[in-house]
There are 2 protein chains.
Amino acid sequence: MFHNEGFRVLDPQECLRLLAKVPVGRVVYTRQALPAVLPVNFSLDADSSVLLRTSAGSGLVHAVDGVVVAFEADDFDAATRSGWSVVVTGRATVVTDPAQHERLSRVGPRSWVVTHDDVFVRIESEMVTGREVSGTRGAD
Amino acid sequence: MFHNEGFRVLDPQECLRLLAKVPVGRVVYTRQALPAVLPVNFSLDADSSVLLRTSAGSGLVHAVDGVVVAFEADDFDAATRSGWSVVVTGRATVVTDPAQHERLSRVGPRSWVVTHDDVFVRIESEMVTGREVSGTRGAD
């Protein structure tokens, strides 16, 4: 914990519990040699891996399949200057098994965008880190 | 515009207008060869560059000075499945000029975390992109 610094480090269990509360996160990857980031709908699978739902035609899928990515989600309150942020880092793979795809179509993340070619991308939770800003030491 | 796809592409002016509405964004960079992402307080300078305020001792400063990074901010509403996201990509540099630092201490981004060694990082707005999800075509 780093109360003097204004933020508290979260353990992985706390991180996963918080991640389960929000429907949108951001996947961080490299595209054409540049840093890239894209918001995506996601959910957590039973093994705590992160599941993304996106369009098969999106540049995202080709850029991340088999590659280590970071995935970030947060919830900040400007009024109280408080909130939390969690980052999951791990290898991403496109779900190609038809049975898994069918299962995830039923229980996986919902998409906010109509796509007719949904694919699911799984990010292994190899590293899970997070921090919380308490809002009691907002500074000017 | 891609209404059929459920999201609308925003022009740079719209993007900058939206960015000005939120106090926290996420800087996307590479650290120890891995994709990294960190929420930061920010503001827009008069020339539309993105100004970050962070601690001099943070790994962020050393990792991004002189390097092209991405910066993302968004605002999503889970209830209506709508929102927007903007990404600014450009070279980041630490502000070292004492007069600039003093100016930014007065008019630059506020920090939600007490730091005694604030530095400002400027990200040139070389590429500004954004999209909006309308919420009218949420899918299951």
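Our structure's up above, just so we're on the same page.
On a predicted model such as this, the values are computed, not experimentally measured, just so you know. (Residues numbered from 1 in each chain as written. Chains lettered and ligands numbered in written order. Predicted model: local features only at pLDDT ≥ 70, side-chain atom pairs only at ≥ 80, totals over all residues. Heavy atoms only, no water.)

Peer 1: How do you make sense of the nonpolar core when you look at a structure like this?
Peer 2: Side chains of nonpolar character tend, in soluble globular proteins, to be buried together. Ranked by size, the top nonpolar core spans 30 residues in total, and within it Leu19, Val27, Tyr29, Leu52, Phe71 and Ile123 of chain B carry the most contacts. Of all the elements in the fold, those that place two or more residues in this core are α1 (12-19), β2 (24-31), β3 (34-44), β4 (50-55), α2 (59-64), β5 (68-77), β6 (82-94) and β7 (118-123) of chain B. Sort the elements by how many residues they give to this core and β6 of chain B lands first, with five residues. Sequence-distant contacts of Leu19 of chain B, defined by excluding residues within four places in its chain, comprise Phe42, Leu44, Val50, Phe71, Ala73, Trp84, Val86 and Val88 of chain B. The next biggest cluster of nonpolar side chains, apart from the first, holds 29 residues, and it includes Leu10, Phe42, Leu52 and Trp84 of chain A. (Core = buried A, V, L, I, M, F, W, Y, C linked by side-chain atoms within 4.5 Å. Buried < 20%, exposed > 50% of the residue type's maximum accessible area, 1.4 Å probe, protein only. Helix = DSSP H or I, 4+ residues; strand = E, 2+ residues; numbered from the N terminus. Contact = heavy atoms within 4.5 Å.)

Peer 1: What's the story with the packing of aromatic side chains in this structure? I'm lost.
Peer 2: Here a ring pair, both rings aromatic, is described through the centre-centre distance and the interplanar angle of the planes. Applying the stated rule across the entire model yields four aromatic pairs over all chains. Directly above the aromatic system of Phe7 of chain A lies the positively charged group of Arg131 of chain A, at a separation of 4.0 Å from the ring centroid. (Phe/Tyr/Trp six-rings, centres within 6.5 Å; stacked < 30°, edge-to-face > 60°. Lys NZ or Arg CZ within 6 Å of the ring centre and 35° of its normal.)

Peer 1: What am I meant to see in the pairing of strand β7 (residues 118-123) of chain A here?
Peer 2: Residues in a regular strand point their side chains to alternate faces of the sheet. Residues and elements named next belong to chain A. The buried fraction of β7 amounts to six of the six residues, a majority that puts the element mostly inside the structure. Of the two faces of β7, the one carrying Asp118, Phe120 and Arg122 and the one carrying Val119, Val121 and Ile123 are both buried. Bridge analysis of strand β4 (residues 50-55) against β7 gives six bridges, and the strand direction is antiparallel. The partner of Leu51 across the bridge, within β7, is Arg122. Bridge count for strand β6 (residues 82-94) against β7 is three bridges, and the pairing is antiparallel. Within the sheet, the bridge partner assigned to Val94 lies in β7 and is Val121. (Pairing = 2+ DSSP bridges.)

Peer 1: How should I be thinking about the relation of the copies chain A and chain B in this particular structure?
Peer 2: Copy one and copy two of the chain differ by a rotation about an axis and a translation along that axis. Between chain A and chain B, the superposition needs a rotation of 180° and an axial shift of 0.0 Å, giving an RMSD of 0.0 Å. Between the two chains, the operation in question is that of a two-fold axis. Ranked by how close their C-alpha atoms come to the rotation axis, the residues of chain A are headed by Val28 of chain A, at 3.5 Å. (Least-squares fit on C-alpha atoms with pLDDT ≥ 70 in both.)

Peer 1: Would you mind showing me how to read the interface of chain A and chain B here?
Peer 2: The accessible area lost on association of the parts is a frequent measure of interface size. The interface is formed by 39 residues belonging to chain A together with 38 residues belonging to chain B. Between chain A and chain B lies a buried interface of about 3,200 Å² when both sides are counted; carbon and sulfur atoms form 70% of it. Considering only the side of chain A, the residues that lose the most area to chain B are Pro35, Trp112 and Val114 of chain A, jointly responsible for 22% of the buried surface there. Seen at the junction of chain A and chain B, the total is four salt bridges. Across the pair Asp74 of chain B and Arg26 of chain A runs a salt bridge whose closest N-O atoms are separated by 2.6 Å. Linking chain A with chain B are four residue pairs in polar contact (both at pLDDT 80 or more), by the criterion used here. Going through the elements one at a time, β2 (24-31), β3 (34-44), β5 (68-77), β6 and β8 (127-133) of chain A are the ones with two or more residues in the side of chain A that touches chain B. Broken down by element, the side of chain A that touches chain B gets its largest block of residues, seven residues, from β5 of chain A. Of the residues that constitute the side of chain A that touches chain B, the class distribution is 22 nonpolar, six polar and eleven charged. (Buried area = accessible area lost by both parts, 1.4 Å probe. Salt bridge = Lys/Arg side-chain N within 4 Å of Asp/Glu carboxyl O. Polar contact = N/O pair within 3.5 Å; in protein donor to acceptor, adjacent residues only side chain to side chain. Nonpolar A, V, L, I, M, F, W, Y, C, P; charged D, E, K, R; others polar.)

Keep in mind these numbers describe shape, not what the thing actually does.
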